[in-house]
Amino acid sequence: MKLLLSLLFSLLSYIVFGQIDRSKEVDQFANVIEKNVFRLMLTVVGLFEEGAPLTFSYERQILKPVTAVLHVGPYLSRTTSLDDGRSFAINGYASAELRYYFNLFRRIRKEKVVRNFSASYLSIEHNFISNPLFVLNQSSADAAQSGSKTYMNVGRQRQFKQGYLNVFIGPSINVKELVDGFIVFDDFHIGISLGIVLFE
């Protein structure tokens with residue numbers, strides 16, 4: 001829990017204070033935004049959802065500052081119990097996300113780094129986890145089961161040359177209740193993604 005709280009405070013600090021660009025580095029690609037960006041990343045997720053998707057990611061500009069992001073790859077999870085010790089499982093994972101970078105144009109005006117949408121964003125994300133593909137030291141029934149969730153996220157991403165960092169937090173929403181005219185937050189997730197940008 002302490003680790004998750006520390007991650008939460010780090011996220012909020014990164015989003016709030018990250019608007020201040022303290023770097024004086026000279027980067028000829030600092031203001032270049034590609035319409036198609038491919039990444040390989042590991043995401044560590046906590047709070048009510050715990051796991052680590054290792055994904056191939058594709059981000060496509062729809063209309064600046066709006067993009068669509070697709071992720072696909074294995075979902076890694078590990079649990080520890082007094083009876084069985086550590087257990088491990090691998091599921092399939094996929095997600096689709098629509099992002100709005102609300103401070104992108106402001107960063108461009110202030111001549112801050114915006115490389116491949118290095119900015120803060122609001123998003124709607126829908127993800128899917130398959131049934132376990134591999135389990136170790138536990139039964140398939142005890143591992144994460146297939147299912148899907150929809151999240152409303154606030155996050156911030158940054159590209160450092162070919163390195164990539166993204167932090168985010170958001171509640172899960174019940175789409176059925178939303179259609180019926182109610183906003184129901186089922187739970188929250190918080191995560192950090194580290195990766196590399198491909199084909200650059």
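For the structure, see preceding data.
Quick look at the structure, then. It should be emphasised that the depicted structure is a prediction, and the values quoted were computed from it without experimental measurement.

1. Some points on the overall build of the protein chain
Regarding its fold elements, the protein chain presents three helices and eight strands. In the protein chain, the succession of helices and strands from N to C terminus is α-β-β-β-β-α-β-β-β-α-β. Within the span of the protein chain, comprising 200 residues, buried residues form 42% of the whole. Counting every atom, the protein chain has about 11,500 Å² of accessible surface; 65% of that belongs to carbon and sulfur.

2. A word on a nonpolar patch on the surface
A cluster of nonpolar side chains, Leu 40, Leu 42, Val 44, Leu 54, Phe 56, Val 72, Ile 196 and Phe 199, forms an exposed patch at the surface whose accessible area comes to about 710 Å². Going through the elements one at a time, β1 (36-47) and β2 (52-63) are the ones with two or more residues in the nonpolar patch. Among the elements that take part in the nonpolar patch, β1 stands out by supplying three residues, more than any other. Note that Phe 199 resides in the segment after β8 (185-198).

3. Thoughts on the pattern of salt bridges
For the structure on display, the rule yields three salt bridges. Close ionic contact of Glu 34 with Arg 115 constitutes a salt bridge, the shortest N to O distance being 3.9 Å. Taken together, the positions of Glu 34 in the loop between α1 (2-17) and β1 and Arg 115 in the loop between α2 (104-109) and β5 (120-136) put the pair 81 residues apart, joining distant regions of the chain. With a relative accessible area of 35%, Glu 34 lands in the partly exposed category. With its nearest N and O atoms 2.9 Å apart, the salt bridge here joins Arg 39 to Glu 59. Of this pair, Arg 39 sits in strand β1 while Glu 59 is found in strand β2, placing the two residues 20 residues apart along the sequence. The two residues Arg 39 and Glu 59 agree in class, both being buried.

Analysis parameters
- Residues numbered from 1 in each chain as written.
- Predicted model: local features only at pLDDT ≥ 70, side-chain atom pairs only at ≥ 80, totals over all residues.
- Heavy atoms only, no water.
- Helix = DSSP H or I, 4+ residues; strand = E, 2+ residues; numbered from the N terminus.
- Buried < 20%, exposed > 50% of the residue type's maximum accessible area, 1.4 Å probe, protein only.
- Areas by Shrake-Rupley, 256 points an atom, 1.4 Å probe, with all protein chains shown as cover.
- Patch = residues over 30% accessible without salt bridge, like charges linked within 9 Å, V, L, I, M, F, W, Y side chains within 5 Å.
- Salt bridge = Lys/Arg side-chain N within 4 Å of Asp/Glu carboxyl O.

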